[in-house]
Amino acid sequence: GEAVTRRLEQLPRLRLHGAVAAAEVPSWMLAMDVLVSPHLVNEFTLSLDAIKAYEYAASGRSVVATATSGFTSSTRGTTLADPAGFPRAVVQACGENQPIDGLIADETTWSHRAREFWDHAWTGTTDVRAVADVIDMTAASTAAEETSHA
C-alpha cells in the first residue's frame, strides 16, 4: 500500500519509476543489475503465459522470481524465492551481478519453434491444440528475440 511505497521511496539506492513505454523496456532491462518478478502464486498467475520470463531470459541478467508462470524452475541465472526469502535473494543476486552468457536455451529460439511447428503441422498431426501451443510458444520466443536485439 501507500505506507510501503513511502518507505521504499526513502531508500537512497532504490528508484520507483512506474510504467515505461514498451519501446524503452529493453534499455531499462539492460541498465538493471537484477530483474525481479514478484507475484502472488495462485491459480490465476499460474495460468498465464509469462512473456516477461522470455524477455528476462533474453536480457542475460540475473533474475529473482516467485515460482509462478514462466518461472516454475530455477534455471541458470534465475533464482526462485518465496516471499520471506525474496529480499535476501535479490541482495545476493545484486552481489553476484554477472552477465549470464548463453542464457537462452536452444528450445526458446525462433528457429527451434519453427521446426516444432513444421513437425506438428506437416507430419499428420491432427491435434489442433498441440499446433496452437507451438504457435503461442513461437510468438513468445519471437518477442523475446526481438527484445534482445533491440
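Here's what I pulled together on the structure shown here. (Residues numbered from 1 in each chain as written. Predicted model: local features only at pLDDT ≥ 70, side-chain atom pairs only at ≥ 80, totals over all residues. Heavy atoms only, no water.)

Here's the deal with the nonpolar core
Convention followed: The criterion is simple. A nonpolar core is a set of buried Ala, Val, Leu, Ile, Met, Phe, Trp, Tyr and Cys residues joined through side-chain atoms within 4.5 Å. Under the scheme applied here, a residue whose accessible area is under 20% of the maximum for its type counts as buried, over 50% as exposed, and between as partly exposed, the area being computed with a 1.4 Å probe on protein chains only. Helix and strand labels come from DSSP, where a helix needs a run of H or I of at least four residues and a strand needs a run of E of at least two; each type is numbered from the N terminus. Here, two residues are considered to be in contact whenever any of their heavy atoms come within 4.5 Å of each other.
Met29, Leu35, Ala50, Ala53, Tyr56, Val63, Ala65 and Phe71 together form the largest nonpolar core, which totals 8 residues. Those elements that provide at least two residues to this core are helix 4 (51–59) and strand 2 (62–65). The contacts of Ala53, once residues within four sequence positions are left out, are Gly70 and Phe71. The next biggest cluster of nonpolar side chains, apart from the first, holds 7 residues, and it includes Ala81, Phe86, Ala89 and Val90.

A closer look at the packing of aromatic side chains
Selection rule: Here a Phe, Tyr or Trp ring, Trp counted by its six-membered ring, pairs with any other such ring whose centre lies within 6.5 Å, and the pair is stacked when the planes are under 30 degrees apart, edge-to-face when over 60, and tilted otherwise.
Summed over all chains, the structure comprises 1 aromatic pair. Between the aromatic rings of Tyr56 and Phe71, the centroid separation amounts to 6.1 Å while the plane-to-plane angle is 55 degrees, which identifies the pairing as tilted. Here the residue Tyr56 occupies a position in helix 4, and Phe71 occupies one in the loop between strand 2 and strand 3 (78–80), the gap between them amounting to 15 residues. Its relative accessible area of 10% is what places Tyr56 among the buried residues.

Here we look at the layout of surface pockets
Just so we agree on the cut-off: A pocket, in this scheme, is an open set of points on a 1 Å grid over the protein atoms alone with protein on both sides within 12 Å along at least 5 of 7 lines, while a cavity is a set where a 1.4 Å probe fits but cannot get out; residues line either one if an atom lies within 4 Å of a point. Grid points are joined across faces, edges and corners, and a volume is the space filled by probe spheres set on the points.
In this model, the largest pocket occupies a volume close to 1,500 Å³. If you go around the largest pocket, you meet 30 residues; those closest to its centre are Leu14, Arg15, Met32, Val34 and Val36. Residue contributions to the lining of the largest pocket peak at 5 residues, all from helix 5 (residues 86–96).

A closer look at the sheet that holds strand 1 (residues 34–37)
Keep this limit in mind: Any two strands with at least two DSSP-identified bridges between them are counted as paired. The angle between two axes is taken between their N-to-C directions and runs from 0 to 180 degrees, where each axis is a line fitted to C-alpha atoms and a helix contributes only its stretch in contact.
Strand order in this open sheet of 3 strands is 1-2-3, and the pairing throughout is parallel. Of all strands in the sheet, those bounded by a partner on one side alone are strand 1 and strand 3. Averaged over all pairs of adjacent strands, the angle between strand axes in this sheet comes to 20 degrees, irrespective of strand direction. Where strand 1 and strand 2 come together, 4 bridges link them in parallel fashion. Following the sheet pairing, Ser37 is matched in strand 2 by Ala65. Contacts from helix 4 reach strand 1 and strand 2 within the one sheet, and its direction differs from that of strand 1 by about 170 degrees.

Re the pairing of strand 2
For a regular strand, side-chain orientation follows a simple rule: the groups alternate between the two sheet faces. Neither face of strand 2 is open: one carries Ser62 and Val64, the other Val63 and Ala65, and all of them are buried. Both strand 2 and strand 3 contribute to a ladder of 3 bridges, which runs parallel. Counted as the bridge partner of Val63 is Thr78 from strand 3.

Here's the deal with a nonpolar patch on the surface
Our working rule: Distance thresholds for patches are 9 Å for like charges and 5 Å for nonpolar side chains (Val, Leu, Ile, Met, Phe, Trp, Tyr), applied to residues having over 30% relative accessible area and no salt bridge. Here the Shrake-Rupley method, with its probe set to 1.4 Å, supplies the accessible areas, and only the displayed protein chains count as covering residues. Salt-bridge detection follows one rule: a side-chain nitrogen of Lys or Arg within 4 Å of a carboxyl oxygen of Asp or Glu.
On the surface, a cluster of nonpolar side chains totalling about 390 Å² of accessible area is made up of Val4, Leu8, Leu11, Leu14 and Leu16. Within the secondary structure, Val4 is located in helix 1 (residues 2–9). Take Val4: its relative accessible area is 45%, and that puts it in the partly exposed class.

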